[in-house]
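Residues per chain, in single letters:
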Amino acid sequence: MQTNFTPAQLADPEIAVANEILRRCVHCGMCTATCPTFVTLGDELDSPRGRIYLIKDMLESGRDAGAEEALHIDRCLSCLSCVTTCPSGVDYMHLVDHARVHVEKTFNRPLADRLMRAGLAWVLPHPARLRAALLLARPARGLGFLLPGHGMLAKRLRAMLRLAPGAVPRAAPLGRVYQAVGARRARVALLAGCAQQVLAPSINAASIALLNRLGVEVVIPPEAGCCGALVHHMGRHEAALAAARANVAAWMAQVEGEGLDAVLVNTSGCGTVVKDYGFLLRHEDCAAGAAKISSLTQDISEFLMKFYEPVRAAPGLSVAYHAACSLQHGQQVTAQPKTLLRKAGFKVVEPKDAHLCCGSAGTYNLMQPEIASALRRRKLDTLRALGPDVIAAGNIGCLTQLAGDGVPTVHVVELLDWMAGGEKPQALR
Amino acid sequence: MVVESGEGVSVVSARVDAALPGGVIVPRDEAELAGVVRDASAPMLVQGNGTKAGMLRPGRAAAVLSTAGMSGITLYSPSELVMRARAGTALAEIEAALAAHGQQMIAEPSHLFGEAQTIGGVVAANVSGPRRISGGAMRDHVLGLRAVNGSGEILNFGGRVLKNVTGLDLTKLLTGSFGTLAVITEVTFKVLPVAGAVGTIVVRVADAQAAVAVMSAGLGSPFSVSGAAYLPGSREVYLRVEDFAESVAYRCGRLAGQFAGAEILGSGESKALWLSIRDCEALPPGEAMWRVSVRPSAGPGVLRDVAFAGVTGFLDWGGGLVWLSGPATHEAHEAVCAAARTGGGVWWLMRGPEALRAVVEVMPPEAPALAALRRQVVAKFDPRGIFNPLKMWAA
Amino acid sequence: MRAMKQLDPKPEVMARRSEIIAGLRRILPERAVIAQAVELKPYETDALTAYRQVPLAVVLPEDEAQVVDVLKFCAAGGVRVIPRGAGTSLCGGALPLADSVVVGLMRMNRILEINYADRYAVVQPGVTNIGITQAVADAGYFYAPDPSSQLACMIGGNVGMNSGGAHCLKYGVTANNLLGLRLVTVAGEVLEIGGAHCDAAGYDWLGLITGSEGQLGILTEVTVRILHAPEGARAMLAGFASNEVAGECVAAIIASGIIPVALEFMDKPAIHACEAFAHAGYPLDAQALLIIEVEGSQDEQADMLGRLREICERFAPVSMRVAQTEAESAAIWKGRKGAFGAVGRISPDYLCMDGVIPTSRLGEVLRRIEEMSAAYDLRVANIFHAGDGNLHPLIMYDANDPASFAKAERFGAEILTLCVEAGGCLTGEHGVGVEKRELMRVQFSESELTQMRAMKDVFDPQWLLNPAKVFPL
Ligand SMILES: Cc1cc2nc3c(=O)[nH]c(=O)nc-3n(C[C@H](O)[C@H](O)[C@H](O)COP(=O)(O)OP(=O)(O)OC[C@H]3O[C@@H](n4cnc5c(N)ncnc54)[C@H](O)[C@@H]3O)c2cc1C
Ligand code: SF4
Ligand code: SF4
C-alpha cells in the first residue's frame, strides 16, 4: 500500500520500520473477519486493516494521538489473529506496539484512565503487590453490584472484582535450581512469571515437577522477573525495556555459566514477548544477548514434545483445548499442546472459531470489560457446546478469563504432569 | 422481407395467424427485423414458431413478428463449451449438433411444446427440465444475447465467455421475459458433455409426503443427484445420477442402499424415463395445464390442495416443481393459485383456452412497488408498447 | 484521487454537512454514525487502494428498518449513498464520494434461517461468504461460490459483484446459487424478490440485481441455495515448462469431457509468492502450474485423477503431484486463495485484472501479456481460473512512484482491451466499479450503455446509489 512519509520522517528508524510494515499491507481485508473486535463491533475501525490505516494516517501526519486513535488501538487485543491470517506477512505486532508507544507518549488520557493504567502497571508485574491487592479485593468480590453506574470506570472495577479469585493460594517461594530426577538430560531456565505465580502457583509447581521427573534441570534465577509484556502492551516502552534487560542479563548469566538448553515459558502471553526480546532490545547494548535468549525461548509444550512420556492409564476425560492467542497466533504453536494431551491419554476436542480470542489478553479484560465479556461468553458457549470435562489452555490469562462458568479450567502442563505421575490438578479433585 | 398471410404459413400455428390482418412478418436477418420494428405502428406478437402462443395470456395484436426466418448455428466451440445460434434455430437442430459432439444443453429444456420450438423461444420462456435443480435453469446458461429493442436498436449483451459481470446483466432480464421487452435475435449459451452413463433409483412410496422425504434424502446426499421426480400414478420416486459409468454404478448402489426395496435402472431405461418426465408425458391430458414452483417440502401440499378441483399432476425438482393439469375452469385455476400461495411459491398457466387465459392471473401478480418498476422497465425497452402487450400481465 | 476523474461533490450537500450528520444521528443509534475526520479516513478506500476519497459520513445500520430510514433520509436530501460490505472489492466498488454517506452492512451479520430439507439458508448481507459454509458444514452442506476472499467478503458484496471463485467451474457463480433477496430501493421501499423456491414468475429481477454493484438498491437479506458436500475432494498439481503448454493442457482437459471441480492456473512469479505463504509444495522449477481438483469417493477421485494424469502427461509436465491428505489439499488451496495477498510479499502494490477470454486463446493472450510486461517494464504474476478463461494478471508496481502507477493503469487497460478483442469481456467476477468504468465503451455501444443506464434510471432516478461506477462518466 502506498505510504506518505517524508525523508526526514523515514530517518527515524522506528518510522522506517513502520513504513516497511505498512508497505507490505495490500489492504485486501482478509484479516478483518478473523479479528475478534471486528466480529464483535462490526466496524472497519476496529479491524486490523482499519487500525493499520488509522496508524498509517497518524504516523504520516506526525500528529499526536487523539481520543479516536487511542480508542481503536486500545480496543485491539494484540491477539495477532490477523497476523496468522495475513497472506502478505504484514508484521502487525510491531506496528501496533509502535502505535501504542506513540499513543502513550502523545495522548493525554483522562485522569481515571491514567490512574487505572498506572495502578495496574504498578501492581500486576510484582507478585507481592498483586498478592496484597488480591487479599484486599477478596472481601469486596461480592460487592460489585454496589459499584453503580455505566461509566467505563465502574465497569472496569466490576470486571476486576469479578476476576479476583475467591481464595488467594499460598505463594510458593521460587528462585533457585530444581534438580533433575535421575540422570540430567537437559538444563533449562523457566520464566516464573508475575501474575501467574500469585494466581496459580500450581502451574509452575507442575511444570517444575514434570520437567524434573523427565530428567530436566530447571533453574529460576532470582534476578529474573516479569517478562514486561503487561507494561509493553500498555505502551510503557521504558518499563518494558527494563524488564526485558533484567531477564536477558539473568538468563545470559546462566547461559554463560552452567549453560542452558532452552528458556521455557509456560505463560504463552509472556512467551510471545520473550521470543521478541531480540527485536525489542535491538538498539540496546545487550542486543546480542537478547537475540540469543529469543532463539533459546520455547513454549513449554514445544520443549516437551521430545521428552514427554505418560505413566498413568488414560483417565477417559474429554479435554476442550482452548488455543491461547499468544500461543496459536503469537508463536504459531498449534499442534504441540494437542499432541501432548492426546499422548497423555485425553480425548481432545476443539471449539468452533478456535482462532478467536477469549477476551483475556493481558489486562484487556480489565480495560475493555464490555468487549472482553462478549468474547468470553462467545468462547465459553463454543467450548461448552463440546460438553467437555475440563477446559485446558497454555496461558494463565485465558484460564482466569474462562473460569467460573461451571467447567474446570486447568493449564495443559498440569494435566500432562498428572498423567506423568504428578498430582491430580486441584480443579479436578 | 417475407410477409406471408393466410393458411399457407407452415411455421406459425394456424390458430394464431388466422385472425391477424397484418399477417406474419418473418424477417430474414436482424437488420431487417430492426427495420420492421422501427417502422411498426401497432403492437405485434413476438414469437419464434409460436409453439408457446398458448402459454400465459393470449396476445392481442395486428401482426405476428416471427424470428423463424433467422436460423442457424453461428458458433460452436465444443472445447470451450459454447454454442451460439440465431433465435429462430429449431431446438431439434441444436440438440442434434450438440449430440454429434457428445454434448448437450445443461437445462434439458422440455419438448412439451413440440418439436418446432426455437432456441429464442426456449430462452424467452426460460424453459428448463429436470436438471434445473443440479445444473441450473436455462437462465443460468445464457452467456449472451443479441436483441432488438422497441426502438429498433440492435443490442448485444453478455458475450461468449463462461464468466462475465461487465455491466448490468440485461441478458438475465431478457431471458424469461416472453418477448415483452425486446426481440431476441441470437443466443449464446453454455453446454456440457453428455455424461458417460445415467442411472436411476426407483423407490416405491406411500404418498407424496414420503416421496419428498426420499427426494430430499437423495438431494441431500453427497452423490450429485441430477434429477428427482415423483409420479403419483405409479407412486414411484426417481432419483437420477449422471457421470462416468463406474461412478454411476457406485453412487446408484450407495443411494439404493438408503431406501428399502429400491431398484436401479440402467442407462437406456433411465434416458427414456427422464425424457418422459422432461416432456410431462405422465401428466393426464386436461383442458388446462399449470406449473407451480414452491420449496420442495411444499410440493405435496400443492398436489393435495388442488385435488378437490379435479386437478392432478406430478412432482419434479425434488418436489419443488409441480406440473398440474385439469379442467379449464375458474375454480380449478383458483385452486392452483391458492395452493401455490399456501406453499409460498408461484404458478404459471401453461396452457388453456383463450377465454380462461384472458381473464385470470396467469402468474402471481407482483407487489405494487415491483409492478410500478416493471412498467417503467418495459417503457424503457419498448416505449411504444409494441412487443407482446399483455402477454404476462393484464396491466 | 489520481488519474480517474470523479463526480464533483454537490455544493448544496457539502454545505449541509453538519445538518446531514445530525439528521443521521437522529435516526440511528449513536454508535452507528461515524463523522470524525480521523475515523472516516479508513473508510476512504476498499481493496483497490489506488483510488481514495474520504466520505461525508459512514453509517453502520443494524437492521433493515434502519437501512430504510437512512435511504429515505438521503433520498429526501439528494445525498449520495455508497453501499459497502467488507470492502474487499478490487475495482473500487465501495469507493466513496466526498459528498456521500457510506452505508456499511457489516453489522447485519446474522444467519436468519437454515433449512436442510429444502436446502436453503436466509442470511443478512453482512454474513461472510465462508460464514454460510461454516454454519452448515456440520450437517455436511456448503455454499458453493468461493471467492478467494471468502474469509472476509460478505454475501451482500458477493451479490453486488456476482462473485465467482475457484469452484465455480462446476457449481456456478453467485447468480446461479441464489433463490431470493430483499432489496431496499433508494426510495426506501422494500422489494421481496424470489423466495425459497426456484425461478420467480415474471421478470428475472434476481438476475438483474445480482452483479448490479450497488446501483439498484441495498440488499438486506439473501436466500442462498446450499448443497450437500461430496464425499471427498482431492487436488492435484501439474507443473509445465511454459504458460502456453499449460494453456493447451487446459483446453485438452475441457475437450475430453471431464469438467473438474476446479482448474486453476499460476505462473512462475505467482507460484513462488504463494509457496512462500502456504508451504504447499508447489513446484518451484515449473514455469506454469495447474491446480486441478476432483470430487467423489476415494475410488471416484482416483479414477478421475487417473484420467487427468493421462491428459497432463501428453504435455510433458515437469512435475505432477496428487495431494495425499486433507491437510495437503488444504495447503494447496490456502496458497491459491491467499495468492493476491501473497504477491504483497514480492511487490508492495499490484493491480489485479479480471478479464475473460475464450479458453482457446489462452496461450496467445498470455504471450501478448508477457510482451506488454516487457514493454511497460512492469512485472506481472498470472493467477487465474483457467477452466472458464477468467484471467487475473497482477500488475506489480510501486504506489509510492506516481509514474509507475500511471504505467500500471495503462498496462491494465491494454490487457482488458486485448481480452475484449479476443472475444472476451472486461470483467469476469470483480466487477466494473470505478476502475473499468471508462473501458465500458470498449465492450458496449452507446445504445447498449443507454439501455443499461435506463434500468438505473428506473430504480434510482436521482442517481444517488453508488454513482460514478459501472457507467462511463
Ligand atoms: C484477496 C482478494 C481475493 C479476491 N478473490 C475474488 C475471487 O476469487 N472471486 C471474486 O469474484 N472476487 C474476488 N475478490 C473481490 C471481492 O472480494 C468480491 O468482489 C466480493 O464480493 C466483495 O465483497 P465485499 O463484502 O467486500 O463487498 P464490497 O467490496 O464492500 O462491495 C462490493 C460491491 O457491492 C456493493 N454492495 C456491498 N454490499 C451491498 C449490499 N448489501 N447491497 C447492495 N450493494 C452492496 C458495493 O457497493 C460494491 O459495489 C477478491 C478480493 C480480494 C481482496
Ligand atoms: S490481510 Fe494483511 S495485507 Fe491484507 S489487509 Fe490485512 S494486514 Fe493488510
Ligand atoms: S491483534 Fe487481534 S484484536 Fe488486534 S487487530 Fe489483530 S486480530 Fe484484531
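Since we're looking at a predicted model, the values are computed, not measured.

(A) A look at the domain arrangement of chain A. Residues and elements named next belong to chain A. Structurally, chain A comprises domain 1 (7-106), domain 2 (111-163), domain 3 (177-304) and domain 4 (318-428). Taking the mean C-alpha position of each, domain 1 and domain 4 sit 28 Å from one another. Every contact between the two is made by 15 residues of domain 1 and, on the other side, 16 residues of domain 4. Across the domain 1 to domain 4 interface the summed buried area is about 1,200 Å²; carbon plus sulfur atoms make up 69%. Scanning the region where domain 1 abuts domain 4 turns up zero salt bridges. Our count for the domain 1 to domain 4 interface comes out at three residue pairs in polar contact (both at pLDDT 80 or more). At the level of elements, helix 3 (36-41) and helix 6 (81-85) are the ones that each hand at least two residues to the side of domain 1 that touches domain 4. Sorting elements by how many residues they give to the side of domain 1 that touches domain 4 places helix 3 first, with five residues. Class assignment for the residues of the side of domain 1 that touches domain 4 results in eight nonpolar, five polar and two charged.

(B) Representation of the arrangement of the chains in the model. With two pairs of chains in contact, the largest contact count belongs to chains B and C. Chain A shows no contact with chain B. Their nearest C-alpha atoms sit 21 Å apart.

(C) How the structure looks around the site of ligand 1. Near ligand 1 there are 35 residues, and of these Pro83(C), Gly85(C), Thr88(C), Ser149(C) and Ser163(C) occur at the shortest range. Those residues lying near ligand 1 are distributed over chains A and C. In the model, an oxygen atom of ligand 1 is placed 2.5 Å from a nitrogen or oxygen of the Ser149(C) side chain. At a separation of 2.7 Å, an oxygen atom of ligand 1 approaches a polar side-chain atom of Ser163(C). In isolation ligand 1 exposes 970 Å². Once the protein is present, 99% of that is buried. Elements represented by at least two residues in the shell around ligand 1 include exactly strand 3 (80-84), helix 6 (155-161) and strand 10 (218-225) of chain C. Element by element, the count of residues in the shell around ligand 1 is highest for helix 6 of chain C, at five residues.

(D) Representation of the interface of chain C and chain B. Counting residues at the interface gives 87 residues for chain C, matched by 76 residues for chain B. With both chains or domains summed, chain C and chain B bury close to 6,300 Å², and 60% of this area falls on carbon and sulfur atoms. Of all residues in chain C, Asp199(C), Tyr203(C) and Gln451(C) give up the largest surface area on contact with chain B, accounting jointly for 12% of the area buried on that side. Where chain C packs against chain B, one counts six salt bridges. For the pair chain C and chain B, the interface holds 24 residue pairs in polar contact (both at pLDDT 80 or more). Broken down by secondary-structure element, the contributors of at least two residues to the side of chain C that touches chain B are strand 5 (111-115), helix 7 (168-171), strand 9 (190-194), helix 8 (205-209), helix 9 (243-255), helix 11 (298-313), helix 16 (440-443) and helix 17 (446-459) of chain C. With ten residues, helix 17 of chain C is the single largest residue contributor to the side of chain C that touches chain B. Grouping the constituent residues of the side of chain C that touches chain B by class yields 40 nonpolar, 28 polar and 19 charged.

Criteria and thresholds
Residues numbered from 1 in each chain as written. Chains lettered and ligands numbered in written order. Predicted model: local features only at pLDDT ≥ 70, side-chain atom pairs only at ≥ 80, totals over all residues. Heavy atoms only, no water. Domains from an automatic or database assignment. Contact = heavy atoms within 4.5 Å. Buried area = accessible area lost by both parts, 1.4 Å probe. Salt bridge = Lys/Arg side-chain N within 4 Å of Asp/Glu carboxyl O. Polar contact = N/O pair within 3.5 Å; in protein donor to acceptor, adjacent residues only side chain to side chain. Helix = DSSP H or I, 4+ residues; strand = E, 2+ residues; numbered from the N terminus. Nonpolar A, V, L, I, M, F, W, Y, C, P; charged D, E, K, R; others polar. Near = heavy atom within 4 Å. Areas by Shrake-Rupley, 256 points an atom, 1.4 Å probe, with all protein chains shown as cover.

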